[in-house]
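A closer look at the structure
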There are 2 protein chains.
Amino acid sequence: MLQQDALRDRIVARFDEMSPQLQQAARYILENTQEVALVSMRELARNAGVQPATMTRLAKFLDLSGYEDIRAHFSEALRLRADGFAARAREREGEQGQAGSGLAHDMLQSLSAQIARLSEPEALARLEGAADLLGQARRVYVLGLRSCHSVAWHFHYVMTLLGDRTVHLDGPAGTGADGLLWAGPEDVLLVISISPYAVQSLELSALAREKGLSVVAITDSEVSPLIAISDQVILCSTESRTFFHTLTPALAVSEVLCGLMAARDREGSLKALQAADQHLATLDIYANTIPRRRI
Amino acid sequence: MLQQDALRDRIVARFDEMSPQLQQAARYILENTQEVALVSMRELARNAGVQPATMTRLAKFLDLSGYEDIRAHFSEALRLRADGFAARAREREGEQGQAGSGLAHDMLQSLSAQIARLSEPEALARLEGAADLLGQARRVYVLGLRSCHSVAWHFHYVMTLLGDRTVHLDGPAGTGADGLLWAGPEDVLLVISISPYAVQSLELSALAREKGLSVVAITDSEVSPLIAISDQVILCSTESRTFFHTLTPALAVSEVLCGLMAARDREGSLKALQAADQHLATLDIYANTIPRRRI
DNA sequence: CATCCTGTGAAACATTTGTTGCAATACGCG
DNA sequence: CGCGTATTGCAACAAATGTTTCACAGGATG
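Residues numbered from 1 in each chain as written. Chains lettered and ligands numbered in written order. Predicted model: local features only at pLDDT ≥ 70, side-chain atom pairs only at ≥ 80, totals over all residues. Heavy atoms only, no water.

**Looking at the overall build of chain A**
Secondary structure summary: chain A contains twelve helices and seven strands in total. Taken over 295 residues, chain A has a buried fraction of 56%. In chain A, of all internal contacts separated by at least 6 residues, the share reaching a separation of at least 24 is 68%. When the accessible surface of chain A is split by element, carbon and sulfur atoms take 50% of a total near 13,300 Å². (Helix = DSSP H or I, 4+ residues; strand = E, 2+ residues; numbered from the N terminus. Buried < 20%, exposed > 50% of the residue type's maximum accessible area, 1.4 Å probe, protein only. Contact = heavy atoms within 4.5 Å. Areas by Shrake-Rupley, 256 points an atom, 1.4 Å probe, with all protein chains shown as cover.)

Right, here's the structure in full:
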């Protein structure tokens, strides 16, 4: 256990002052950390050869309000560890009076973990597979509606800098779907959709499939309706402590896909980017200082 | 998840036969596996937005004797997973040297770290400050062009679900800027811009400032031109191992801002979201299965 | 239209949980 | 030995858990 663990340290530090029974309980906890999170206090006490009350007393002895605090602590530790998340101690010591003051911190930690989880071997394999498919396509149609628009658009935008192979299936006046008109079996549809799934995204994906396109899906669950009709699926978490779903992991996925595709053809990508740079330069799109006002 | 997981597979396999409520429960379990082991059934049900009884019913549906079987299974999985963690970490170190194929892994690790860095005290303080300012505004104008469009739009989209205070400064036919016409000192401009900075973003921000608006900026550097004209600045890294900049941290920031603002007024937010849900439901925007084709 | 059926929410249920008060015990010290 | 203190076990407690039951709503079927 690499991470700093305040509670664990406290137990060790005060171990000598404890009564024999408390020591027995404490010893068992130290040696079976994860059990604390996984079983009830009574069962833990049973396994430790100790009375249930002793666990409560141990908690009080450690200046905690009750056994629940012990469990909460080790639960959190286990959560983080199972996340495969590089140990980052959560110091909850100073809970500010403000409601939701720790929210930002929690959200960011959680996002960081969710993205880290994407770098597990299985997810990586899926990313590679998807990049393969997208890389071979004659044209890549990108579809993401409502909340997923941001991801779809960003993917399209980046790919635009690398060439003109991508088509964004969106547009004013509901003409988005028209883009599929000339699509065929050599093409690929990249669809991003999370629960609740926009009907139109599902319909268009099904249509694309019928037209013979391959389908790559970025979605949120193994039971997403997109799974059935997709050749490659990338799953990303959307859980958030807020009222809404997060799209940050999905965006990360789309950026990785762009990165992988660009890496397949370094030469071409560089040349394309130079062309894009030049194009944008002649249009005076960018600046580094606040421009004086043209009146 | 490398290991075979019979129960998980069974859930996925029989998902289609489930009733909507069962599906919702099953979906949550699939996406939050570890929570099953760590919290009580009732709490799990609460988080999944489902009645406690539904969890029991799900267990029965899966031919188990009760919910306890589900928990036992995922507990065991988590136990194994946590045990295997040390080994896996060592594996990960070994993989580092690989070229090309490690790109995805590197990118994700790096993104994870960048976001984690945002939860440092100073960044958190800035986030709180920005949320304060945005929360007090009569109206929030959101501006993000080119690559930053995705972030701006996502912020606007989420805030739309919470009310009608935000105005997205973008639109077809170059009319985006017109939105500022009626803006005044009680309003706030949220501008997202990273290097290279779009001229128009800078111009509009300067204009907003002249009209008396407060300015909150999400940008990438302490020497960003936006710093000079902003009341609150949130810095986020855009470094990436690819040819392009990453916007994932910026998106994370925007989601945190949304989260903070929603948390200030839980009541109002919940009510607004319910209204939005109802609105979208009556429009039949969403579905959970691929719709049969309307011919 | 009546009828069945399935899916759902709410309430009641027995059980288990974590906690606490109290008596029994062990132990140190004069 | 006697006494006081600290530790322990036990039993009772309220709160929660997981389960079951029942009634109702909505859709299909005859």
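What follows continues from the structure just given.
**Focus: the protein's contact with DNA strand C**
DNA strand C sits among 16 residues. The nearest are M41 and R42 of chain A together with S19, Q51 and R57 of chain B. Within 4 Å of the protein, atoms of DNA strand C come from sugar and phosphate in 60% of cases. Taking S40 of chain A, its side chain carries an N or O atom lying 3.3 Å from a phosphate oxygen of DNA strand C. Here a base nitrogen of DNA strand C sits 2.4 Å away from a polar atom, N or O, in the side chain of R42 of chain A. Those elements that place two or more of their residues in the surface near DNA strand C are α4 (41-48), α5 (52-61) and α6 (67-82) of chain A together with α2 (20-31) of chain B. If you tally residues by element for the surface near DNA strand C, the top one is α5 of chain A, at four residues. Per-class residue counts for the surface near DNA strand C are four nonpolar, six polar and six charged. (Near = heavy atom within 4 Å. Polar contact = N/O pair within 3.5 Å; in protein donor to acceptor, adjacent residues only side chain to side chain. Nonpolar A, V, L, I, M, F, W, Y, C, P; charged D, E, K, R; others polar.)

**Observations concerning the nonpolar core**
Counting 96 residues, the largest nonpolar core has L127, F155 and L257 of chain A together with L127, F155 and L257 of chain B as the members making the most contacts within it. When residues no more than four places from it in sequence are discounted, the contact partners of F155 of chain B are L134, V140, V142, T166, L190, S254, L257, C258 and M261 of chain B. Listed in part, the 58 residues of the second largest apolar core include A25, M41 and L78 of chain A together with L64 of chain B. (Core = buried A, V, L, I, M, F, W, Y, C linked by side-chain atoms within 4.5 Å.)

**A few points about the sheet that holds strand β6 (residues 232-235) of chain B**
Residues and elements named next belong to chain B. On the basis of which strands lie adjacent, the open sheet formed by five strands has the order β2-β1-β3-β5-β6 and parallel pairing. At either end of the open sheet lies a strand with only one pairing partner, and these are β2 (166-168) and β6. When strand polarity is set aside, the average angle formed by the axes of neighbouring strands in this sheet is 15°. Contacts from helix α11 (residues 199-210) reach β1 (140-144), β3 (188-192) and β5 (214-219) within the one sheet, and its direction differs from that of β3 by about 165°. (Pairing = 2+ DSSP bridges. Axes fitted to C-alpha atoms, helices over the stretch in contact; angles between N-to-C directions.)

**Overview of the interface of chain B and chain A**
Tallying the contact residues gives 89 residues for chain B and 88 residues for chain A. Between chain B and chain A, a total of about 8,400 Å² is buried, with carbon and sulfur atoms accounting for 65% of that surface. Two residues, E222 of chain A and R8 of chain B, come together in a salt bridge whose shortest N-O distance is 2.6 Å. Counting the contacts that link chain B with chain A gives 17 residue pairs in polar contact (both at pLDDT 80 or more). For the side of chain B that touches chain A, the per-class residue count stands at 51 nonpolar, 20 polar and 18 charged. With two bridges connecting them, strand β4 (residues 197-198) of chain A and strand β7 (residues 286-287) of chain B associate as antiparallel partners. Bridging across to β7 of chain B, A198 of chain A finds its partner in Y286 of chain B. (Buried area = accessible area lost by both parts, 1.4 Å probe. Salt bridge = Lys/Arg side-chain N within 4 Å of Asp/Glu carboxyl O.)

**Here we look at the environment of I29 of chain A**
Residues and elements named next belong to chain A. Assignment of secondary structure puts I29 in helix α2 (residues 20-31). Separated by 15 residues in the primary sequence, I29 and L44 have C-alpha atoms spaced 8.5 Å apart. Among all residues touching I29, those that are not within four sequence positions of it are V36, L44, M55, L58 and F74.

**Some words on the protein's contact with DNA strand D**
Taken together, 17 residues lie near DNA strand D, and S19 and R57 of chain A together with M41, R42 and R71 of chain B sit nearest. A share of 62% of the atoms of DNA strand D within 4 Å of the protein falls on sugar and phosphate groups. The separation between a phosphate oxygen of DNA strand D and a polar main-chain atom of M41 of chain B is 2.6 Å. Side-chain polar atom of K60 of chain B to a phosphate oxygen of DNA strand D: 3.1 Å apart, as the coordinates give it. Of all elements in the fold, only α2 and α5 of chain A together with α4 (41-48), α5 (52-61) and α6 (67-83) of chain B reach the threshold of two or more residues within the surface near DNA strand D. A breakdown of the residues in the surface near DNA strand D according to their chemical character gives five nonpolar, six polar and six charged.

**Some words on the packing of aromatic side chains**
Residues and elements named next belong to chain A. Within the structure shown, the criterion is met by two aromatic pairs over all chains. Both rings, one in W153 and one in Y157, keep their centres 5.2 Å apart while their planes meet at 20°; by these two values the pair is stacked. Pair noted here: W153 and Y157 are both in helix α9 (residues 149-162), with a separation of four residues, about one helical turn. You can call W153 buried: its relative accessible area is 17%. Residue classification places Y157 among the buried residues on the basis of a relative accessible area of 11%. Over the ring of F61 we find R14, and its NZ or CZ is 4.2 Å from the ring centre. (Phe/Tyr/Trp six-rings, centres within 6.5 Å; stacked < 30°, edge-to-face > 60°. Lys NZ or Arg CZ within 6 Å of the ring centre and 35° of its normal.)

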